[in-house]
Amino acid sequence: MRDYTVGGPSSITAAEDGLVDADCYKPKIDRELIKQLMMRNNGWAIAHIASWFAALGVFGWLAHLSWGSWWAVPTFGIYGVLYGSMSDSRWHETGHRTAFRTKWMNDVVYYIASFMIFREPETWRWSHARHHSDTIIVGRDAEIAFKRNVPFYKFVLELVGISAVPNEFKQWIRNSLGNFTNNQKEFQPEETFRISMWASRIYILILAGVVASCVLVRSVEPLMFIGLPSFYGHWLVVTLGITQHAGLAEDVTDHRLNTRTIYMGPLNRWIYWNMNYHVEHHIYPSVPFHSLKKLHLAIKDQLPTPYPSLYQALREVVPTLRRQANDAAYFVKRELPLSVNI
Amino acid sequence: MSTEWISACDESSIAKNDVARFDHLDGTYAVVRMSDGICVVMDGLCTHGKAHLAEGFVDGTTIECPKHNGRFNVLTGEPVASPVRVATTVYETRVHNSKIEFRLIK
Ligand code: FES
């Protein structure tokens, strides 16, 4: 059984094997082109964020109007996905500060999206940096969501954040009191704990305000708009996110072997902000969401064949995770293109 | 430490808003040319992790590290975006006879 504890015994093995902050594979790409692709654009990001908030507003309003009728099911269903799933990609891209050209715009959206996806912003900023240094390196990567030797039903329950959200809430409470776990201390610098403490306090206060308004109006409706969508709207991001790394190689320094690129339609790419080009994102995290498709076209000959659809990727991921529950040695080996494999 | 001017490259070999790598003895440097044409030589390796800033992205007076998007002020070397927390070294730089030159004194 593998020990995934960050900073645990596996981290010592990883260091001995040269897997810590290692040089990862980079494809060949023209400097002028990659420079173009790294360009930020406030206009694109503003348009996308505005369309997201507009969709939240429209479906939120429809959900409110339909409260008490069966129409509330589909309207809250869509509102929940816009809130509890779509916030993930906005959280992610603004966390990298690649969405907007202007730093503070990234930071504002990052703090809002972090609350919606139910992640304390500062700790997750550092865990995500670690995820990029040591992607799927056991004992180092703090964001290995789909571990081996885990019964598959547990992943299914995460479709509604059954343990992720309550665990995160417990951490907010601890952080708000100035207590930090060994896990956090492993990847987050101590001088940033204050930010985590205050962010946790503010997020808890917001939630307390929503609960108080529920009591005031004697209805759970306010929580259906803020708070609960992090559970009931979470399923889509799990469905999309499970395809990023699950079932692939651990402890390798080539993102082509531990990450998937999947072709998706325009709706999913809008929701997911092109994170389906996940190999490309990991190799070049400075390329913003709106240029990932162009980056993919430029380097795809040097990458494994992309999955033709989300469905095809899930057809591989689900049976693999089921098998890995009992067979930790099993994983999917991605085939590298021969021309760059020699 | 040497106070000699070290020639890094031709000014024209780096486009505006770009950066190139220069290795000298056992050191590695990032040679930045900003949009206004000002050239700055700084330490090549990021102070946060194992990445070369020459693969990064120059925007105005900041350079972004290619690994975790940490940012430095090109003129002062100060960190301006996490996860970078430690300042980097910026060297005295000049353009002389169309060459970008720098001195290994801070
Ligand atoms: S290595 Fe430069 S920001 Fe992390």
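Bear in mind the structure is a predicted one, so any value in this text is a computation, not a measurement. (Residues numbered from 1 in each chain as written. Chains lettered and ligands numbered in written order. Predicted model: local features only at pLDDT ≥ 70, side-chain atom pairs only at ≥ 80, totals over all residues. Heavy atoms only, no water.)

1. Let's talk about the sheet that holds strand 3 (residues 27–33) of chain B
By definition, the strands of a sheet pair up through backbone hydrogen bonds, in either a parallel or an antiparallel sense. All names here are of chain B. The antiparallel open sheet is built from 6 strands, whose spatial order is 1-10-9-4-3-2. The open sheet is flanked by strand 1 (5–10) and strand 2 (18–24), the only strands paired with a single partner. Strand after strand, the sheet turns through a mean of 30° between neighbouring axes, direction not considered. For strand 3 and strand 4 (residues 39–43), the ladder comprises 5 bridges, and the chain directions are antiparallel. By the bridge assignment, Tyr29 is partnered in strand 4 with Asp43. (Pairing = 2+ DSSP bridges. Helix = DSSP H or I, 4+ residues; strand = E, 2+ residues; numbered from the N terminus. Axes fitted to C-alpha atoms, helices over the stretch in contact; angles between N-to-C directions.)

2. A short note on the interface of chain B and chain A
On the chain A side, the residues contacting the 25 residues of chain B number 23 residues. Between chain B and chain A the total buried area reaches about 2,000 Å² when both faces are included, carbon and sulfur atoms providing 41% of it. One can count 8 salt bridges joining chain B with chain A. For the salt bridge of Glu55 of chain B with Lys26 of chain A, the shortest nitrogen-to-oxygen distance reads 3.8 Å. (Contact = heavy atoms within 4.5 Å. Buried area = accessible area lost by both parts, 1.4 Å probe. Salt bridge = Lys/Arg side-chain N within 4 Å of Asp/Glu carboxyl O.)

3. Examining helix 4 (residues 72–84) of chain A
Between its first and last C-alpha, helix 4 of chain A extends 17 Å over 13 residues, near the 18 Å set by a 1.5 Å rise per residue. Inspection of helix 4 of chain A places Ala72, Thr75, Phe76, Tyr79, Gly80, Val81, Leu82, Tyr83 and Gly84 of chain A among the buried residues, and these make up the whole buried set. (Expected span 1.5 Å × (residues − 1). Buried < 20%, exposed > 50% of the residue type's maximum accessible area, 1.4 Å probe, protein only.)

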